[in-house]
Each structure stands twice: as C-alpha cells, then as structure tokens.
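# Remarks on the overall topology
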Amino acid sequence: MIRSLNEVQRICQKAAEGAGAPAGLDTDAAHGAAWLLAHDLPSLSDLAEDLTRFADLAAACRFERGGFGDRDQVVDAGDKAGAVIAPMLVDLLVARAALDGEPGRLRVEGLTAPLFLLPPAVGYGAQGYDDRGWGFRLSLAAGTERRFTLRVAAGGQAEILGTGGADIAALFESRDGWSLDAVCARAPDRLDSRNQTEFNLVLDAERLAAAAARSLADGVSPDPESWARLQALAAKVLVPATEQSHLMGAGALASDNE
Amino acid sequence: MTAATASASASTGEDAALELRPPDTVMRLARMGSFHQTRISFMRSLLRRIAQEDWRLTRARFDLDGDGYGTAVYRIDLPAGCCSLVAFSDELSPDERTDRVIAEKWDATFALVDGEPSDEAIARLRANVPKQEAGHVSARELVLSRANKSVRLFDHVVDCLAHGWQPAMDDIVRVGYLMRTTAVYGNGKFGLSDLENTFAGGLFSRPFEAELFTVYLIREFTLDLVEHIAAARKPDRAVRLAPDRRRALGIGNSTGLGMAPFLTFHPALIHRWMSARETAVARVLALAEAAPEKRSAFLALLARAIDHVREWSTQDARQAARTAKLQDELQGLHADLTDGAADLLTGPHPWRRLLDKVEAEGSLELQELTLSLMMEPYGELVDDLADRMTDPERGRLDPAMTLAALKSAIERNYGWALDIDFSASPAQHFFWYRSAEKEEPRLGERFTEPGAELETRLGVARDAAALHRVLSSGAWQDGESVAAFLLCEPQWRHMIKRFQLAEMTPYGEIRDNLLGEDCLPIDILRCKLSFFGAIKFDPKSDRWTRITMYQGAPGFDELDRGNADSWAFPVFTEVGDLHP
C-alpha cells in the first residue's frame, strides 16, 4: 500500500515509543526512517529489528558515563540499537567540533544500521542548530571487503561511496556491526579524505534528491512485513478506552439528531 | 534574553522596536481561553486571499437524486492551478448519526483534490472517502473530511424553501449551520498529501489553509444541497435561499481534546502564530494617534460586537456567565467612549490608553475582544502578518551547549514551572493519553484511571522542574556538553530540544501546568479555534466545544475585495419567516 511520509514517520515514532525508546530518540529514529525510505533506502526492516531484538530497549540506547570528552575514545556500540542511537553519535561528533574548533572526530565499533547516521548528519549539514551547515565524512567498514563512505556537504547534499565490489545492499546486511571513523567540520578541506581514492560513487546527491521528490509527490511503499511489525509495536502506546473517558469525549452527551 | 528582546528577535525591520506583551502575560491558559478571532485568523486571511486572487468556482458535477444523495464536484481555479472538492452525500439513519469518533458513517464525506479528478479517480474516491479513517486515499488528495446534518434545521430549511418562503432568521441563527464537520484531516493522514507536498504544489501556503478552504467549500455544498432538495420536492414553488440567509449559515464543528496536544507538540509553530498576533497588537498600540475614520470604524465595530455577543448562545454555565459579563462590559465601554471618556480615542496613543483602561477595569474576555476590535480598522497595518505564521522546521538540538547554559535557559524560560510543587497530587492530577478509540487524545485522572504509564508528553512543566533538579544536583559538571549528557541520560532528549528551542520561541510554550487539577482543556481549544477564526464557542463540557465557522461570511459567488473583511463579529437581524 502507498503511504505518505507523514504516515511512515508517525507509525515509526509510535513503534519506537511503544518499544521503549527514550523520548526524543523515538522521534528522531522515526524521522530517520522516513527520510531514508523517501530516498529509496529501505529502513523499516532495520528499525523494526532494532526495536524488537533487545529485552530492554531503553538500556540499549544508553551509554555508561565517562570519556565522551576524550577525542581518542572508541565508543562501543556493540550492544546498542544502532537505528535509534545514531543521532546521539552525530550529536557528539558535532559537539566535539564545535567545542574544540578543530574537526570533530569519532570512532565507534559494533554499530548496526549505520545508514541511520545519514539523516541527522544531513540535518546538521543543511542548517545546523546555529544556522550554519556542517560537513561530514562517515567511513564505515565491516571486515575488509565491505567499506563505504557517507558524505554530507555543508548545505545538506548527501552521497554514498563504496569500494569497488561493494553493493549498496551490503549496507543493510551486516548485523555484526560496523566500524565507524567519522569526521565533522565546517570547511570542506578539513574533511580529509585519506585512503578514499579506491571508492566509487554508489548513490549521488542528484539521485537521492530525485528519489526524495518522487516520494513526497507520490508516497512510498513500505514493505508489508516491517509495517506490520511496526504497527504491532505502535499499538502499545494506546490506552484502552474506559466508559468514563468515552463519556467525556467530543460529541458526548449531545443529541446527534438535533 | 528578556521577553521583549526574545519576541523582537522573531520579528523583522521596524517591528524590532515594538514592545510586545510578554509571554508570561499572553501564554497563560486563562487568557488563551479568552481569545477571539482577529483579522489574521486563518479563515479571515483565506477569504481575503480568495478575493484578492479572484478564485473561480465551477460546479463541475452535481449528480444528486431528489433526496440529495449522490456525488458533487466543485472545481476551483486559482492563479497557481486548480483543485476540486469531491462530495459524497449518503443516506444515514438516525441511529447511525453520531459526532463521536467511533462513527463509521456520515451524512456527507469530502475530499479536496489537487487538480480536477477523472471519472476513474472519482470512482476510487467513492470507494474510500465515505469510509474516512477506514479507507485510504492518495497524495493527490489534500484534505479528507466528513459532516453530519443539523437535522432539525436542515429539514426545516428544505421545507421552507420547497414551499416558497425563506426560513426565519432567528431559527437559522439559533443553530448557525446546516451541517457540522466532525473531522477535517490533512498532512498525510490516511495517505493524503504530506503538508510539505501540499505547500510545494503552490496552491496553499498558510497553516490549515487547505483544511479551512475545504470547510468553506463544504458550506457552499450544504447551501446548494438544501436548494436542490427543495427544488426536487416542489419544482413549481421552491425558491432559493436569500443572500442574507446564505450568509447566516456557517458550518458547525464539534472539537474535542484532539486539538489540545497540537499546541504543545508544535512550539515553534505556535510561537509564530502568537508572535504574529502580538506583533499585530503592538503595531496598533504603537500608533501615536487614531484618524477620525479609524475611530469611527472602531466604534461601529464595538457597537456591532455588543449585538454579536448578545446572539452568542450557550448552555454552558461558565461560558454563559462570561458572555453575559462581556456583554455588560462592552455596553459600558461603548458608553464611555461615546460619552464620559470620549477624549480617550482622540488623545495621544489612544489604543495604548484604551488597552490600559480595559486591563484595569475589564475581564480577560473584554481585554482580548478589545484587541481583536482594535486591529479591525488597520488591515493595511497588520494583514501582512498572516504570511508569517508558517514554520515548517523541526526542532534542532544544540549538542555543544553546556549543561550550565541549559540550566540557565530553563531558569529563564520555565521559572513559572520551577515554583510548582509536583510532589503534591493536585499538580499531577491529570494525564494525557491516546485512546484505543481511533487514537483520540484523551485526558485521564492519574490517581483513579488506568493508563498513566502511557501518558503523552504534555507534562512540560513537571519535566522542566525535574531536569532542573538533575542539573542542580552536582552529579554533572557545568562544562559538560548536552551531547555527552544525552548519551548517558537519553530520556531527556525530547525535553532538552524543547528547552533549547524556547530560547528562540518565547511564545511557544503554554505557561501553565497541563497536568494540574485546575487545567481546563477548553481554554486550549478556544485558543486554537480563535486562530482558525471560529466564533460562538459553545462548550459542552470543559473538554469539548461546538463552534461555528464562516457564519456571516460572503458566499463564493459574492465574495470580493469589498466584502472579504465585512463579516467580523456578524450580527443577524431577527425577523420571522419571509412568506411571499
């Protein structure tokens, strides 16, 4: 069935909330899922998976305290819900750049659903919290074979690069986790691109923008299985109607045939 | 940031020097629950736009049987393109007619469609639109709605017209509408066009503009419908509704708690609405003098408002008492301004002095109505603000903000919340939730009803106080970043975004505790509906109200630049049925 992007975002938000995601991360995860789907990057399966595979989702979205001011610290995301925590990692990257005046750097191990990094990075790229755009280079590796770079220019244009044999489908496959080496800066020349010569363009900004425009105008087609999983989670936020609440809603106790 | 500078930061050019009423004064529930429509309310600005751009309406299809059942299509041509209202009128038995959210059938259902629909599209809509929430539409459709007849008036009007006479004005005014809508959906609901797509289409650009245009067209349909049925019933005798009767018939609406969370969930947008309204007020208050024609226009409107309030009927004891007091106050004010204090409007800074007077002597209803009236003669001064009421942006986090700065921001903008004792049960008496009944927002009593663990995020005051306690506990260092804090305490993400946004949007927050025992949701509904341009609020409890929309407004065929703003505070002369 064709869905509007707002429908996608709403069902994802409620699903994340129903699954126990922290307030605010649920809305950002939903925005991320809708953004990716709008750009022809399937996201609902990864989100549904991250929302259901943890006994305690809230714990899987929280890090132990300490060391986040240390630029050399490696963040272990191995037991975290990657689709949900992605915005927090991008936040930390931006904060490091903003506080230090140097390019922000971040290393993460065991990250799942890495494409969810893209929507918050594009958000900061298009118009950061201070109305000035940031640029990002998000280098991903799973083993030696699968390597990708998500690039976001100040202004918000995104593109995806991969090594010679890497198919974009690989970005949706690894549940073992990815290594992330991320850089964030204002100026493009501060986003150094060492070892990037072997990468090819997998999805360019133009194709991504065209997909987004098409999705906005025509709607999107979520895969039915993921949609059903998300709907089941979303139902958990609803409170069964009581007679008392029913009697106090709009239209109650009024004649409908007057 | 002080309230004045914060407000001014949302303004541009000369407005930066204006002194706006502070958020601590404006954003209180009691005052918001006293708002009236203004020149920049959405229905008002929409009708101005229709007149200015000379939109054209064509009844492209009217396939209704003698009882008024069938399909109608109205095509509207705008400078930027065209859209169509597709209406389905169906037979409904009295036991199926309900305004409640549980309804599954309605007297009429509607879709506003981009362009003109093909026969194939109409067939698709026929299969889905009458089902409303249970159906599914496409991104070609901008708005989905439904309405039920006000049976008694509807039948009476048909009967009168069929017999060749006009229905009595007092019968019309007592109800005010032939149909009342029970929902008007937009922004991607049930497959509809996303708001961003609707705006990108170029036909609509203001908040709820497509939705309220749909309601205006529904009004046209209801008027055509009664005339059609009457003509079918008595072809030789039937007459059309007289223009004054047509104008007196608006569209009713039952509005419940579904509207209340909207104001809390969209702080940036609400800031835009409020700051536009307050800027309009401030522009008028800043005038050094009032020209004679402006004074005359104001006094004429004040006199009309007295009659308008007299015709404002409600069975609700609280509103009835307020309305009665307002009527007395308006009469007293009119007497003052035309007699004892006649020099008030001729002296310097007349509108400022007038506001000072009503603030000192009058109720909140009077104060807010006076502000609405003061704006009316100054269209050239305030109407442009209707274009400053859209905010498509989502809240962005400032991850580098230090916790010390965050704490200061909370103290600056939420000081009103920090004084509330949330350990006392009255402060957390209510919880807001989404009901399993079509996900309708509801309000429960925390200590007697189940479901509080699933409450929605309207406890802004409580959360501001709680986060302030965390930040004051010494557990975190002042210099640590919000980003680092949130990695360990992600449950605060939603509220921290909100508290950061409040630095730039001081009118974005209702400065009262929405969980408190004394919270009256009807105040929130009244505020939002006043921005729509609704009149004659008729609360049925403190949680839902009936209203009338477009009552007094010119119909599509007579709307022009000369009368587009003629219908503020409409008054209808009481006369009997007009027999030939």
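Residues numbered from 1 in each chain as written. Chains lettered and ligands numbered in written order. Predicted model: local features only at pLDDT ≥ 70, side-chain atom pairs only at ≥ 80, totals over all residues.

## As for the overall build of chain A
Filter applied, for reference: Under the DSSP-based scheme used, a helix requires at least four consecutive residues in state H or I and a strand at least two consecutive residues in state E, with every element numbered from the N terminus. We compute the radius of gyration from the C-alpha atoms alone; for a globule the expected value is 2.2 Å times N to the 0.38, where N is the number of residues. Contacts here follow a simple rule: the backbone-placed C-beta atoms of the two residues must lie within 7 Å.
The secondary structure content of chain A amounts to eight helices and eight strands. Its C-alpha radius of gyration of 20 Å places chain A within 12% of the 18 Å reference for a compact globule of 258 residues. Intrachain contacts of chain A at a sequence separation of at least 6 include 72% that bridge at least 24 residues.

## Section: the sheet that holds strand S2 (residues 104-111) of chain A
Residue and element names in this part refer to chain A. Worth spelling out the cut-off: Note on pairing: two strands pair once DSSP finds at least 2 bridges between them. Between N-to-C directions, angles cover 0 to 180 degrees, with each direction set by a line fitted to C-alpha atoms, over the stretch in contact for helices.
The strand order across the open sheet formed by seven strands is S1-S2-S6-S3-S4-S5-S7, and the pairing between neighbours is mixed. Unpaired on one side and paired on the other, strand S1 (74-76) and strand S7 (199-203) mark the two borders of the sheet. Sheet twist, expressed as the mean angle between neighbouring strand axes with direction ignored, is 25 degrees.

## Thoughts on the domain arrangement of chain B
Let me state the cut-off plainly: The source of the domain bounds is an automatic or database domain assignment.
Splitting chain B by domain gives domain 1 (3-37 + 266-390 + 526-532) and domain 2 (403-501). Using C-alpha coordinates to define each centre, domain 1 of chain B is positioned 33 Å away from domain 2 of chain B.

## Thoughts on the sheet that holds strand S6 (residues 177-185) of chain B
All names here are of chain B. One open sheet holds the nine strands; their spatial order is S1-S2-S3-S4-S5-S6-S7-S11-S10, and the pairing between them is mixed. Edge positions in the open sheet fall to strand S1 (56-64) and strand S10 (535-539), since each of these has one partner strand only. The average undirected angle you get between the axes of adjacent strands in this sheet is 25 degrees. Of the strand pairs in this sheet, strand S4 (residues 108-114) and strand S5 (residues 141-149) are connected by six bridges, and their pairing is antiparallel. Its bridge partner lying in S5, Val113 is registered against Glu141. Those strands touched by helix H5 (residues 119-128) are strand S2 (70-78), strand S3 (81-89) and S4, and its axis lies near 45 degrees from that of S3.

## Points about the pairing of strand S7 (residues 250-255) of chain B
Residues and elements named next belong to chain B. Rule in force here: Using C-beta atoms placed from the backbone, we call a residue buried if 20 or more other C-beta atoms fall within 10 Å of its own, exposed if 12 or fewer do, and partly exposed for counts in between.
By the criterion of burial, S7 is predominantly enclosed, with six of the six residues buried. With five bridges joining them, S7 and strand S11 (residues 545-549) adopt antiparallel strand pairing. Residue Thr255 lies in a different strand from S11, and its bridge partner there is Thr545.

## Looking at the nonpolar core
One broad rule of soluble globular proteins: the nonpolar side chains tend to lie buried together. Keep this limit in mind: Remark: nonpolar core denotes a set of buried Ala, Val, Leu, Ile, Met, Phe, Trp, Tyr and Cys residues whose joining runs through C-beta atoms within 7 Å.
With 245 residues, the main nonpolar core has Cys12 of chain A together with Val226 of chain B as its most contacted residues. Counting residues domain by domain, this core receives three or more from each of domain 1 (3-37 + 266-390 + 526-532) and domain 2 (403-501) of chain B. Other than its neighbours up to four places away in sequence, Cys12 of chain A contacts Ala29, Ala30, Ala33, Ala34, Leu47 and Leu230 of chain A.

## Some thoughts on the interface of chain A and chain B
Stated formally: Ten residues, namely Ala, Val, Leu, Ile, Met, Phe, Trp, Tyr, Cys and Pro, are considered nonpolar, four, namely Asp, Glu, Lys and Arg, are considered charged, and the remaining ones, Gly among them, are considered polar.
Facing 49 residues of chain A, the contacting portion of chain B comprises 56 residues. Within the residue set of the side of chain A that touches chain B, elements represented by two or more residues are helix H1 (5-19), helix H2 (25-38), helix H4 (82-100), helix H6 (205-218), strand S8 (238-239) and helix H8 (243-247) of chain A. A per-element tally of the side of chain A that touches chain B places H4 of chain A first, with seven residues. Residue composition of the side of chain A that touches chain B, grouped by class: 28 nonpolar, 13 polar and eight charged. Both S8 of chain A and strand S8 (residues 430-435) of chain B contribute to a ladder of two bridges, which runs parallel. Across the sheet, the residue bridging to Leu238 of chain A is Arg434 of chain B, located in S8 of chain B.

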